[in-house]
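Listed below are the residues making up each chain.
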Amino acid sequence: MPDVRGATLADISAIQDIDRSLDQHLSDETVLQHAIESGRVAVALAGDELSGYLRWEWLWDHIPLCLFVRVRPSHQRTGVGRALYAYVEADLAGRGCEFWLSSSEETNDRSLRFHRALGFRLIGALSDLGQDAREIFMRKDLAP
Ligand SMILES: CC(C)(COP(=O)(O)OP(=O)(O)OC[C@H]1O[C@@H](n2cnc3c(N)ncnc32)[C@H](O)[C@@H]1OP(=O)(O)O)[C@@H](O)C(=O)NCCC(=O)NCCS
């Protein structure tokens, strides 16, 4: 399984490089800095570079929600996403969280398959978010 650790401020440019590799909007540096300092960003390592990252946030101050999980195209389907989730889930279970949430656009079939494979179940969908597809929300129970 790929090595995963908590992100440091020195990872910010590499995280933005992963955004570029996926043609996704660039993570805001100030937002990233705050998230890293709050212990809400994990990165996966591939030698000297980062192969992926995960950033999460608290919903209503007590429910963890995965905001972004991004894996470089060259490293996809090699267990990076699974390793990032395992790392964060162990961290959250250690903080006493009983479950957490994640979400995906309804049309992101790869992401939906990924979440299903990791044990998430669908709990609802939001529309009218200014994006083409509905946002599907999923929940996974965490082992105590
Ligand atoms: C979705 C994403 C994070 C998955 O990460 P990954 O590192 O490629 O996934 P893993 O290798 O850990 O896969 C774990 C399991 O998920 C499922 N899975 C992952 N990618 C899949 C695909 N393309 N098709 C079908 N199942 C898939 C499989 O069951 C896989 O297990 P297996 O390889 O043993 O069969 C990655 O494709 C990605 O970064 N996509 C672009 C960004 C994105 O859409 N993020 C999600 C919304 S925020």
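Look a little higher up for the structure.
Residues numbered from 1 in each chain as written. Predicted model: local features only at pLDDT ≥ 70, side-chain atom pairs only at ≥ 80, totals over all residues.

**Regarding the environment of Ile12**
At step 1: With respect to the element layout, Ile12 can be found in helix H1 (residues 12-21).
At step 2: Using a count of 16 C-beta atoms within 10 Å as the deciding quantity, one classes Ile12 as partly exposed.
At step 3: In the structure, Ile12 is positioned 48 residues away from Trp60 in sequence and 26 Å away in space, judged by C-alpha atoms.
At step 4: Once residues lying within four places of it in the same chain are set aside, the contact partners of Ile12 are Glu29, Leu32 and Gln33. (Helix = DSSP H or I, 4+ residues; strand = E, 2+ residues; numbered from the N terminus. Buried ≥ 20, exposed ≤ 12 C-beta atoms within 10 Å, placed from the backbone. Contact = placed C-beta atoms within 7 Å.)

**Topic: the site of the ligand**
At step 1: Taken together, 19 residues form the shell around the ligand, and within it Val71, Gln76, Gly81, Arg82 and Ala117 come nearest.
At step 2: Going through the elements one at a time, strand S4 (63-71), helix H3 (80-94) and helix H4 (109-117) are the ones with two or more residues in the shell around the ligand.
At step 3: The element that contributes the greatest number of residues to the shell around the ligand is H4, accounting for five residues.
At step 4: For the shell around the ligand, the class distribution of residues is seven nonpolar, seven polar and five charged. (Near = placed C-beta within 6 Å. Nonpolar A, V, L, I, M, F, W, Y, C, P; charged D, E, K, R; others polar.)

**With respect to the nonpolar core**
At step 1: Formed by 25 residues in total, the largest nonpolar core has its most connected members in Val41, Ala42, Val43, Tyr53, Leu54 and Leu84.
At step 2: Residue assignment for this core shows that the elements contributing at least two residues are H1, helix H2 (29-37), strand S2 (41-46), strand S3 (49-59), S4 and H3.
At step 3: Ranked by the residues each element gives to this core, the list is headed by H3, at six residues.
At step 4: Apart from residues lying up to four places away in sequence, Tyr53 is in contact with Ala7, Ile15, Ile18, Val41, Ala42, Val43 and Arg70. (Core = buried A, V, L, I, M, F, W, Y, C linked by C-beta atoms within 7 Å.)

**With respect to unusual backbone geometry**
At step 1: One non-glycine residue, Trp60, adopts positive backbone phi at about 50 degrees.
At step 2: In this fold, Trp60 is placed in the loop between S3 and S4.
At step 3: Residues other than glycine seldom take positive phi values, yet Asp128 does so here, at roughly 60 degrees.
At step 4: Inspection of the secondary structure puts Asp128 in the loop between strand S6 (121-126) and strand S7 (135-141).
At step 5: In this structure Asp128 comes out as exposed when scored by C-beta crowding, with 7 C-beta atoms within 10 Å.

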